[in-house]
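# Coordinate analysis (summary)
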Amino acid sequence: MAGITDGARVLWGAGTPRTMRVHWMLHELDLAYESRPIGSRTGETQTPEYTRLNPSQKIPVLQDGDFVLSESAAIVNYLAQTYGASRNLLLPADTRERARYDQWCFFVMMELDADTLYIIRRHEGLKELYGEAPNALKAARDCFRKQAQAAAQRLAST
């Protein structure tokens, strides 16, 4: 890729909770990086340059030298495992502790983000693209509240 050299770190994407996860982790680890703040649904993810990096044309994408990775949770895990030792942010080595870590990651990605927030984002924030769906919005909000309560109960008992 032109302009990217070994050791350079570039994060593509901005404006979504998924890209925020990666920006946040890079800051937590105090890692230098170049931000390329392209947005979804702007056409910027459909350029030949970006499609070479991520054929699914989604954000975020991290370039870490010659290594390219997409999917925010995978990027966050990679950053923690690769650079987290100095900040005590390594992934758990113990099988059960790692399973709990994975449980929370998958819970956030699926129960909160994919199952509820994504529906709300599509049918409220982007209703001109995806249409209005009041029943889906109500169900998504109800589900989010239920899952947030379940998370609060789990956290209170730990």
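So, here is what we can say about the structure in this document. (Residues numbered from 1 in each chain as written. Predicted model: local features only at pLDDT ≥ 70, side-chain atom pairs only at ≥ 80, totals over all residues. Heavy atoms only, no water.)

In this section: the sheet that holds strand β2 (residues 34-36). Strand-to-strand pairing in sheets goes through backbone hydrogen bonds, with the strands running parallel or antiparallel. Here we have four strands laid out as an open sheet, ordered β2-β1-β3-β4, and mixed in their pairing. What marks the edges here is a single partner per strand, and that holds for β2 and β4 (67-70). Each adjacent strand pair in this sheet contributes to an overall mean axis angle of 15 degrees, direction not counted. Here three bridges tie strand β1 (residues 9-12) to β2, and the two strands are oriented parallel to one another. For W12, the partnering residue across the bridge sits in β2 and is R36. In the packing of helix α1 (residues 17-28) onto the sheet, the strands contacted are β1 and β2, and the crossing angle to β1 comes to about 155 degrees. Strands in contact with helix α3 (residues 72-83) are β1, β3 (61-64) and β4; relative to β4, the strand with the most contacts, it is inclined by about 135 degrees. (Pairing = 2+ DSSP bridges. Helix = DSSP H or I, 4+ residues; strand = E, 2+ residues; numbered from the N terminus. Axes fitted to C-alpha atoms, helices over the stretch in contact; angles between N-to-C directions. Contact = heavy atoms within 4.5 Å.)

Looking now at the pairing of β1. Consecutive side chains along a regular strand alternate between the two faces of the sheet. Side chains of β1 alternate between two faces, with R9 and L11 and V10 and W12 buried alike. Here β1 pairs with β3 via four bridges, running antiparallel. Of the residues in β3, the one forming a bridge with W12 is V61. (Buried < 20%, exposed > 50% of the residue type's maximum accessible area, 1.4 Å probe, protein only.)

Taken as a whole, the largest pocket encloses approximately 700 Å³ of empty space. Residue lining of the largest pocket: 31 residues in total, with R18, S40, K58, I59 and Y118 positioned closest to the centre. Among the elements of the structure, α1, α3 and α4 (95-125) are those that each provide at least two residues to the lining of the largest pocket. Residue composition of the lining of the largest pocket, grouped by class: eleven nonpolar, twelve polar and eight charged. A volume near 570 Å³ is recorded for the second largest pocket. Listed by contribution, the elements that provide at least two residues to the lining of the second largest pocket are α1, α3 and α4. When grouped by side-chain class, the residues that make up the lining of the second largest pocket number 16 nonpolar, two polar and two charged. (1 Å grid on protein atoms, 1.4 Å probe; cavity = no way out; pocket = protein on both sides within 12 Å on 5 of 7 lines; lining within 4 Å. Points joined across faces, edges and corners; volume = space filled by probe spheres on them. Nonpolar A, V, L, I, M, F, W, Y, C, P; charged D, E, K, R; others polar.)

On to the environment of L79. With respect to the secondary-structure elements, L79 resides in helix α3. Residue classification places L79 among the buried positions, given a relative accessible area of 0%. The spatial distance from the C-alpha of L79 to the C-alpha of V22 is 8.8 Å, given a sequence separation of 57 residues. Ignoring anything within four residues of it in the chain, the contact list for L79 reads V22, M25, L26, L29, L31, L62 and G84.

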